[in-house]
Amino acid sequence: MHIHELNPWRTLIVLTVFVAIMIVGFVTMREPLLTYEMDMKTSVAETKSDDSCFYLWQLVGFIEKENADVVLFDIRDNFVFGQGHIPGAENLSAQNLAREESIARLEELKNKNTTVVLYGDDQLQANGPVMLFRQVGFDNVKALVGGYQYYKQHKDDLLATQNDSTLMQEIARYNYAEMAAPTNGAAINKVSQKKTVEVTRRKKTAAVAGGC
Amino acid sequence: MCPLIPNGIISSGWDFVIAIILGMAFGFILEASGFSSARNIVGVFYGYNFVVLRVFFTALIVAMVGLLYFDYFGWLDLSKIFILPTYLTPMIIGGVVMGVGFIMGGFCPGTSFTAVAIGKIDGIVFTIGLYFGIFIFSEAFPLFGDFYTSGDLGNVTITDATGIPASWVAMGFTVVALAAFWGTMFVEKRVRKNMTEYKF
Amino acid sequence: MDRNYIYLTILMLVLAIGTLLVNNEPKLKQIEPQQLLLEMVQPTRYVTTDQIAKMIIHGDPSLELVDVRSADEFEQFALPRSVNIPLDSLINSSSLGYFGIPGTKVVFVSNDDIAADQAWVLTKRLGFKGTYVMRGGLNCWMETIINPQEPSEGSPNTAYETYAFRKGAQQYFTGAKAEVAEGSKVKVEVQRRKKTSAVAGGC
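Note that this is a predicted model, so its numbers are computed, not measured.

Enquirer: Teacher, can you tell me more about the overall build of chain B here?
Expert: The helix and strand tally for chain B stands at eight helices and two strands. Split into buried and exposed, the 200 residues of chain B put 32% on the buried side. Of the contacts made within chain B by residues no fewer than 6 positions apart, 64% connect residues no fewer than 24 positions apart. Entry remark: accessible area of chain B is about 11900 Å², with carbon and sulfur atoms responsible for 74%.

So, in structure tokens, the structure goes:
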């Protein structure tokens, strides 16, 4: 028999402490602003699809204010936006994308079935945010292919870009192997064949550990 | 938020301070549970006192279930905590050696220090033996060093090894532990009836 | 028999059953979307072809080039010391071992930079640190390193310096015999991440 066993309140104390911890835990649990709705596998598969792309020629209706179900966001910063932007675009700089107001705005647009197009200076700038928004469930978000630079080059004739082959991304524009071939006429340097890649499996480390 | 040190909330310079505080708390609980008495401890093996089993199982299931809840509440990131690497055969052999020492000496390493702290002679003798054993082990280590590190499974958990979700493991373990509490209480009662030389 | 023990037993059982309801943790560890968004608006992940060329020439051991093009394209041409992980097999457990090794810089390479950036986003979502994107991809590599354009007259001095470096790099990657032979026989040692355990605990 220990002294603490004489405390008539001991069970009640334990019970109260446990319940209090649970209540504090559930109360302090915060719902994250964004949660992934697309699992990794679908996200990887999506990189091959065309769904997240919005082409310049599709913008024609928007710029002429006929197309109400598209909203264009310029994710460059405010200063650059002021120097020139696609007509009708709103400025929502990338730094502010994670803000609650921005998310709420996107949520609202999603409920209205509006297509949201993000563009940056080049396509790369919008690529990350668009991927993320699609992964967290905003499947109405798209990236403007080519970005602002491409728009600037073609703003006089947007429809002509429909058949522009230079727009194609992720295509080798050169014959790499030929171009990088040794100039002295030796065989093409096929790095991949001569290379020995030593693959060791990731190990779980053995650390020195103490006992009791 | 937690674990505090890997997340950089507490710098690793505080390691030893935290270790000392934890050590004191651990020693206090051992002593408060009566583990500084060799009779209480070896009672598990003779069946008259299962307080060791009850204290450790209680600590274990409370911590286990608590960690799962903390992970859920977002207070602790379970994937960041350290998991002791498993060496299957060496650990079984080591467990047997430790169990034998446990019955013969009446202490486990931790409790022998609480016994020293309250001035028990058997605890002091045990501790001297403990350091002697550590010395022999260290000197003879090259003889069985290979065996010592054999069968490395890495930092695995039961969930990693079997694929059973952590909450089911915790649930199963809690049921087993609680069943053990009640089971051992009956064993204790029956054994104690026939004992005359030891007062409880 | 103590009635308190009955209460405590019931409490513990209820809590344990509760874990079954609350803990449905995801299999892959991911970072929070908001965190990911904040990290991706930083341009720090981009490295230029010049920087990559310099690192390859200097034999920087911390550099790990990951080519996300298809295996066919990789077979035809690839940067020295690069590893092929096509985008669709990016999250296989065998591929993930290449990322997140402390002290290495994983640089994603593709034809342009979109696919590489996609690989960056996907690996970042899984929480890997130290990943980068080669800006402009292999097309840009061809334009700048393999076939550098001489700067027009009146360009700033730095443009000429860059050009001089690129000319040298062009020699290294295409020209001189000795360098090619040497470069191609370099044994690529690919490090893979180990599960770290800095502190060891006891009971």
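What follows continues from the structure just given.
Enquirer: What is the right way to look at the confidence of the model for chain C in this model?
Expert: Where the model shows low pLDDT, its predicted coordinates should not be examined in detail. Residue and element names in this part refer to chain C. Across chain C, the average pLDDT comes to 79, with 82% of residues at or above 70. Note on residues 176-186: pLDDT is under 50 here. Beyond four places in sequence and across chains, it has nine contacts. Predicted confidence for residues 196-203 stays below pLDDT 50, and this span has 19 contacts to residues more than four positions away or in other chains. Across the interfaces of the predicted complex, the ipTM metric reaches 0.77, alongside a pTM of 0.64.

Enquirer: Hey, could you run me through helix α7 (residues 147-154) of chain A in this one?
Expert: Given 3.6 residues per turn, any residue in an α-helix points the same way as the ones three and four places further on. All names here are of chain A. Where α7 is concerned, the buried positions are G147, Y148, Y150 and Y151. Angularly, the buried residues of α7 cover 160° about the axis, an arc narrow enough to put them on a single face. Buried-residue contacts for α7 involve α3 (60-63), β4 (115-119), α6 (123-135) and β5 (141-144).

Enquirer: Would you take a moment to explain the packing of aromatic side chains for this structure?
Expert: Describing an aromatic ring pair means giving the distance of the ring centres and the angle of the ring planes. Summed over all chains, the structure comprises 24 aromatic pairs over all chains. Taking the centre distance of 5.9 Å and the plane angle of 75° together, the rings of F141 of chain B and F144 of chain B count as edge-to-face. Of this pair, F141 of chain B and F144 of chain B both sit in helix α6 (residues 121-148), three residues apart, roughly one helical turn. By way of ring pairs, the aromatic residues F26 of chain A together with Y69, F70, Y72, F73 and W75 of chain B are connected into one cluster. The lysine or arginine in question, R45 of chain C, covers the ring of W120 of chain C, its NZ or CZ lying 4.2 Å from the ring centre.

Enquirer: Is there a simple way to explain a nonpolar patch on the surface in this structure?
Expert: A surface patch of nonpolar side chains, amounting to about 820 Å² of accessible area, comprises W9, L12, I13, L15, V17, V19, I21, I23 and V27 of chain A. Mapped onto the secondary structure, V27 of chain A falls in helix α1 (residues 10-28).

Enquirer: How do you make sense of the nonpolar core when you look at a structure like this?
Expert: The tendency in soluble globular proteins is for nonpolar side chains to be buried side by side. Judged by nonpolar contacts, the single largest core of 54 residues is most densely connected at L118 and F133 of chain A together with F99 and F108 of chain C. For this core, the leading source of residues is helix α6 (residues 114-125) of chain C, giving seven residues. Within the second largest apolar cluster, 22 residues are counted, among which are A180 of chain A together with V47, W141 and I146 of chain C.

Enquirer: Please explain the environment of M179 of chain A as it appears in this structure.
Expert: Relative to the assigned elements, M179 of chain A resides in helix α8 (residues 176-179). Among the residues examined, M179 of chain A registers a relative accessible area of 24% and is labelled partly exposed.

Enquirer: For this particular structure, what's the right way to read the packing of helix α8 (residues 166-193) of chain B against helix α1 (residues 3-22) of chain C?
Expert: How two helices pack is summed up by the angle between their axes together with the distance between the axes. Their axes nearest at 8 Å, the elements α8 of chain B and α1 of chain C cross at an angle of 165°. Put simply, α8 of chain B runs roughly antiparallel to α1 of chain C. Between α8 of chain B and α1 of chain C lies a crossing whose hand is left-handed. Residues S167, W168, M171, T174, V175, L178, W182 and M185 of chain B of α8 of chain B form the contact with α1 of chain C, whose own contacting residues are Y5, I6, T9, M12, L13, A16, I17, T19 and L20 of chain C. In the contact of α8 of chain B with α1 of chain C, the residues fall into 13 nonpolar, four polar and no charged.

Enquirer: What's the story with unusual backbone geometry in this structure? I'm lost.
Expert: Most of the time, phi is negative for any residue but glycine, and the peptide bond is trans. With a phi close to 60°, N113 of chain A is a non-glycine residue in the positive phi region. Its identity as a non-glycine residue notwithstanding, R81 of chain C has a phi of 60°, on the positive side.

Enquirer: So what exactly am I meant to see when it comes to the pairing of strand β4 (residues 105-109) of chain C here?
Expert: On a regular strand, each side chain points to the face opposite its neighbour's, so the side chains alternate between the two faces of the sheet. All names here are of chain C. Burial of β4 is extensive: four of the five residues sit out of reach of the surface. Sheet topology places β4 next to strand β5 (residues 131-134); three bridges connect them, and they run parallel. Paired with V107 across the two strands is Y132, which belongs to β5. Handedness of the crossover joining β4 and β5 through α6 is recorded here as right-handed.

Enquirer: Looking at this structure, I do not really get the side chain of S110 of chain C. What am I missing?
Expert: Looking at the secondary structure, you find S110 of chain C in the loop between β4 and α6. A polar contact of 2.4 Å, which involves the side chain of S110 of chain C, links it to the backbone oxygen of D112 of chain C.

Enquirer: Mind showing me how you'd approach the pattern of salt bridges here?
Expert: Two side chains with opposite charge may pair up if their charged atoms get near one another. Within this structure, the stated rule accounts for 10 salt bridges over all chains. Here R105 of chain A and E90 of chain A are joined by a salt bridge, their closest N and O atoms 2.8 Å apart. Of the two residues, R105 of chain A sits in helix α5 (residues 100-111) while E90 of chain A sits in strand β3 (residues 90-91), which places them 15 residues apart along the sequence. For E90 of chain A, a relative accessible area of 30% gives the class partly exposed. Among the ionic contacts, a cluster of salt bridges with common partners joins R54, E188 and R192 of chain B.

Enquirer: Even after reading the chapter, I still don't get the sheet that holds β4 of chain A, so can you show me in this structure?
Expert: The pairing of strands in a sheet comes from backbone hydrogen bonds and takes either a parallel or an antiparallel form. Residues and elements named next belong to chain A. Taking strand neighbours across the sheet as the criterion, the five strands line up as β1-β5-β4-β2-β3 in an open arrangement whose pairing is parallel. Of all strands in the sheet, those with a lone pairing partner are β1 (53-54) and β3, marking the two edges. Where β1 lies against β5, two bridges are found, and the strand directions are parallel. From the neighbouring strand, F54 faces β5, where its bridge partner is L144. Its contacts with the sheet put α6 on β4 and β5, and the angle it makes with β5 is roughly 170°.

Reading the values: the criteria
Within each chain, residues carry numbers counting from 1 in the order of the written sequence. For naming, the first written chain is A and the first written ligand is 1, with later ones following in the order written. Two thresholds apply to this predicted model, a pLDDT of at least 70 for residue-level local features and 80 or more for giving and counting side-chain atom pairs, whereas whole-chain, interface and lining totals are computed over all residues. Hydrogen atoms and water are omitted, and side-chain values are computed over all heavy atoms in the structure. Secondary structure elements follow DSSP: runs of H or I of four or more residues count as helices, runs of E of two or more count as strands, with numbering from the N terminus. Categorising residues by exposure relies on relative accessible area from a 1.4 Å probe, with only protein chains included: less than 20% of the type maximum marks a residue as buried, more than 50% marks it as exposed, and the intermediate range marks it as partly exposed. Contact definition: two residues touch when any of their heavy atoms are within 4.5 Å. With residues, only the protein chains shown are counted as cover, and all accessible areas are computed by Shrake-Rupley using a 1.4 Å probe. Residue-level confidence of the predictor is what pLDDT reports, using numbers from 0 through 100. Think of it as the arc spanned by the lines of direction from the helix axis to the C-beta atoms. Two rings from Phe, Tyr or Trp (for Trp, the six-membered ring) form a pair when their centres sit within 6.5 Å of each other. Planes less than 30 degrees apart are called stacked, planes more than 60 degrees apart edge-to-face, and all others tilted. Working rule: Lys NZ or Arg CZ, within 6 Å of ring centre, within 35 degrees of ring normal, means a charge sits over the ring. Patches here are clusters of residues that have more than 30% relative accessible area and form no salt bridge, with a 9 Å joining cutoff for like charges and a 5 Å cutoff for nonpolar side chains (Val, Leu, Ile, Met, Phe, Trp, Tyr). Should a side-chain nitrogen of Lys or Arg be within 4 Å of a carboxyl oxygen of Asp or Glu, the pair is scored as a salt bridge. Here, nonpolar core refers to any group of buried Ala, Val, Leu, Ile, Met, Phe, Trp, Tyr and Cys residues whose side-chain atoms link them within 4.5 Å. In this description, a line fitted to the C-alpha atoms serves as the axis of each element, helices being fitted only across the stretch in contact, and the angle between N-to-C directions of two axes falls anywhere from 0 to 180 degrees. Should an angle fall under 35 degrees it is called roughly parallel, over 145 degrees roughly antiparallel, and 65 to 115 degrees roughly perpendicular, with every other angle called oblique. Handedness of a crossing is defined here by the sense of rotation of the near helix relative to the far one, left-handed for an anticlockwise turn of less than a right angle and right-handed for a clockwise turn. Residue type decides the class: Asp, Glu, Lys and Arg count as charged, Ala, Val, Leu, Ile, Met, Phe, Trp, Tyr, Cys and Pro as nonpolar, and the leftover types, Gly among them, as polar. By the convention used here, strands pair only if DSSP detects at least 2 bridges between them. With the strands pointing away from the viewer, any crossover whose connection runs clockwise from the first strand over the helix to the second is right-handed. Distance and chemistry together define a polar contact, namely a pair of N or O atoms within 3.5 Å, with one atom able to donate a hydrogen and the other to accept it when in protein, and with adjacent residues in sequence counting only for side-chain atoms on both sides.

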